[in-house]
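Descriptive structure summary
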Amino acid sequence: MQITVHADKSNTKTILTLLEEMGYSLPCNCHGGHLCDGRTYPFDCSMVPRETVCITLPGPSTENLSGISLEDSPLIPGPADTLLVDLGTTTVALALISRATGELRQTYVFPNPQRQFGSDIISRIQASLQGKRTRLKELITGELSRTAALLCQKNNQTLSCLSRCYIAGNTAMIHLLMGYDCTPLSKSPFIPKQTSPPPFYQNNCRIQILPWISAFVGSDITAGLYACHMETPSDHNKGTVLLIDLGTNGEMVLRHRGCYYCTATAAGPAFEGNGLSCGCPGISGAISHVRLMPLRPMLTTIDNKLPAGICGSGAVSLCAELLRQGYVTNDGILTDRFPAEGILLGYSSSREALYFLPEDFRQIQLSVAAIAAGIDTLTEEASISPADISSVFLGGGFGFYLEPDACQRLGLFSSIPSDRIQSVGNTCLQGLMRCALRADDAPFLLPPVHTISLADHPGFQQHFLNHMTYSG
């Protein structure tokens, strides 16, 4: 894939930063520090171009996955008529596009304001059942309206210019957005009584919420199927394919021989930096890679900034290092090398000490085991092994900074070879964009999907226990 990057003699930004500003978030474990010796791309990741350059990026195996950035992007002025909304539990990502031309104008990310009622889905469902349903709806709808108006204003337009809005998110977040009763999502058999809403209008804007698959596999995964061209069994993307969204719920969909299997694992928020003692999202300054050295850890941070905390990929990297260097045994037991007060990673810009504690390792250990066990359970249902999967699409920003060796050491993707795994960015926004650019307003049709409840599956617990230890 050929990309033209514009720069002049006054430019001080690296090629990676310029590409991210254009909407391309690229995996590079050293983030411009030139520690990868140029192995990742056919150009120097630390290059600061002083003139316009044309570079080649390795294209993913599917088309139209050139990527919508997971971070804020600068405005590209021009008419915009459509808003895309990825309604996440932790963050909400918006994209302003022109449906008429297919051009991306701007992306914007903000924290989900409902977090005041808890960082996890269960806390918010409980709050809605305790009389806070209206307040939860007001929080998110109000912030969406304000942010949409702000994006339009930056583009010298008004909110009335939007004629289309496409929304996707996990099932609980959509219920809270619409003010639906969350009681069916709070207890067994966890079957939503509310069906996905038909398109509706607000201020002459046609709002379409993509259909969800189950109580635990939401419309953000539906959008991901569109992003990866997995929505039909007969598309050009052949083979046994797995889509994984490594968020709090760890949703995944396996397509094998025209059949679909889906599930959601209780991975917890650790992969998003939540719940860790010095955790943070994948923001500028987040520790994304750790190498344990004799005197002090060697850190790599996003954008090479002073450390702000450790994000999910950094925690995975560190946990793999702890295993390699004997801080943790292959049985998953902490040794005497692991200080009781934790491992001092470094100091933030405000001189706050950043410690990685024993309980942080446990959080990552549990999250990794949940994902790997989910993969084993899906493949067991399809009567195949994880090694039979030909391609894995890893959605979300977390995957961009993951080290294949660290994932393999921890067994994050079970026995799937690391060269079959590709990070494809925000598949929710990408899928929404593909849906928005359809020529008509035909309804979204989901293929029949076999939903697997891991809590009720007889083999999941054993798979989970197997992945709490490491092969060495």
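On a predicted model such as this, the values are computed, not experimentally measured, just so you know.

Calculation rules
What you see as residue numbers is a count from 1 along each chain, following the sequence as written. Restriction of local features to residues with pLDDT of at least 70 applies here, the model being predicted, together with a cutoff of 80 or more for giving and counting side-chain atom pairs; totals for whole chains, interfaces and linings are based on all residues. Note that water and hydrogens are dropped before the side-chain values are worked out from all heavy atoms of the structure. By definition, any uninterrupted DSSP run of H or I lasting at least four residues is a helix, any uninterrupted run of E lasting at least two residues is a strand, and each is numbered from the N terminus. Note on contacts: a residue pair qualifies if any of its non-hydrogen atoms lie within 4.5 Å across the two residues. Working definition of accessibility: Shrake-Rupley area with a 1.4 Å probe, residue cover restricted to the visible protein chains. Between any two strands, pairing holds if DSSP finds at least two bridges. Note on definitions: angles span 0 to 180 degrees between N-to-C directions of axes, and those axes are lines fitted to C-alpha atoms, for helices only across the stretch in contact. Residue-level confidence of the predictor is what pLDDT reports, using numbers from 0 through 100. We define the nonpolar core as a collection of buried residues of types Ala, Val, Leu, Ile, Met, Phe, Trp, Tyr and Cys that are connected through side-chain atoms lying within 4.5 Å of one another. Categorising residues by exposure relies on relative accessible area from a 1.4 Å probe, with only protein chains included: less than 20% of the type maximum marks a residue as buried, more than 50% marks it as exposed, and the intermediate range marks it as partly exposed. Two aromatic rings, drawn from Phe, Tyr or Trp (for Trp, its six-membered ring), form a pair once their centres lie within 6.5 Å of each other, and the interplanar angle then sorts them: stacked below 30 degrees, edge-to-face above 60, tilted otherwise.

Okay, the overall build of the chain next. Helix and strand counts for the chain stand at ten helices and 19 strands. Here the analysis covers contacts within the chain between residues at least 6 apart in sequence; of these, 67% occur between residues at least 24 apart. With the model as given, the accessible surface of the chain reaches about 20200 Å², and the carbon-plus-sulfur share is 52%.

To continue, consider the sheet that holds strand E13 (residues 298-301). For sheets, the rule is that strands pair by backbone hydrogen bonds, running either parallel or antiparallel. Pairing within the open sheet is mixed, and its three strands lie in the order E13-E12-E14. Edge strands, defined here as strands with exactly one partner in the open sheet, are E13 and strand E14 (309-310). Bridge count between strand E12 (residues 286-291) and E13: four bridges; the pairing is antiparallel. For Val-290, the partnering residue across the bridge sits in E13 and is Leu-299. Of the strands in this sheet, E12 and E14 are in contact with helix H6 (residues 312-324), which crosses E12 at around 15°.

Before going further, it helps to examine the confidence of the model for the chain. When the pLDDT values of the chain are averaged, the result is 86; 90% of them are 70 or greater. Segment residues 59-67 is flagged for pLDDT under 50; beyond a separation of four residues in sequence, or across chains, it makes 21 contacts in the model.

Let us look at the nonpolar core. By size, the foremost hydrophobic cluster in this structure holds 57 residues, and its most contacted members are Leu-242, Leu-246, Ile-310, Leu-322, Phe-356 and Phe-413. It is helix H7 (residues 358-381) that provides the largest number of residues to this core, a total of nine residues. Those residues within four positions of Leu-246 in sequence are excluded, and the remaining contacts are Phe-271, Ile-371, Leu-394, Gly-395, Phe-398, Leu-402, Leu-412 and Phe-413. Ranked by size, the runner-up nonpolar core spans 36 residues in total, among them Ile-140, Cys-165, Met-178 and Cys-205.

Burial analysis of helix H9 (residues 427-436) places nine of its ten residues in the buried class, the great majority of the element. Within the sequence span of H9, burial applies to Thr-427, Cys-428, Leu-429, Gln-430, Gly-431, Leu-432, Met-433, Cys-435 and Ala-436.

Glancing now at the packing of aromatic side chains. The way to describe two aromatic rings as a pair is by their centre distance and the angle between their planes. Per the stated rule, a full pass over the model turns up four aromatic pairs. Relative to Phe-110, the ring of Tyr-108 lies with its centre 6.4 Å away and its plane at 40°, an arrangement referred to as tilted. The exposure class assigned to Tyr-108 is partly exposed, which follows from its relative accessible area of 21%. Take Phe-110: its relative accessible area is 5%, and that puts it in the buried class.

Right, let's get into the environment of Cys-165. For Cys-165, the position within the fold is in strand E6 (residues 164-169). Note on Cys-165: relative accessible area 9%, which makes it buried. For the pair Cys-165 and Val-85, spaced 80 residues apart in sequence, the C-alpha separation works out to 7.6 Å. Not counting residues up to four positions away in its chain, the partners in contact with Cys-165 are Leu-83, Val-85, Cys-205, Arg-206, Ile-207 and Gln-208.

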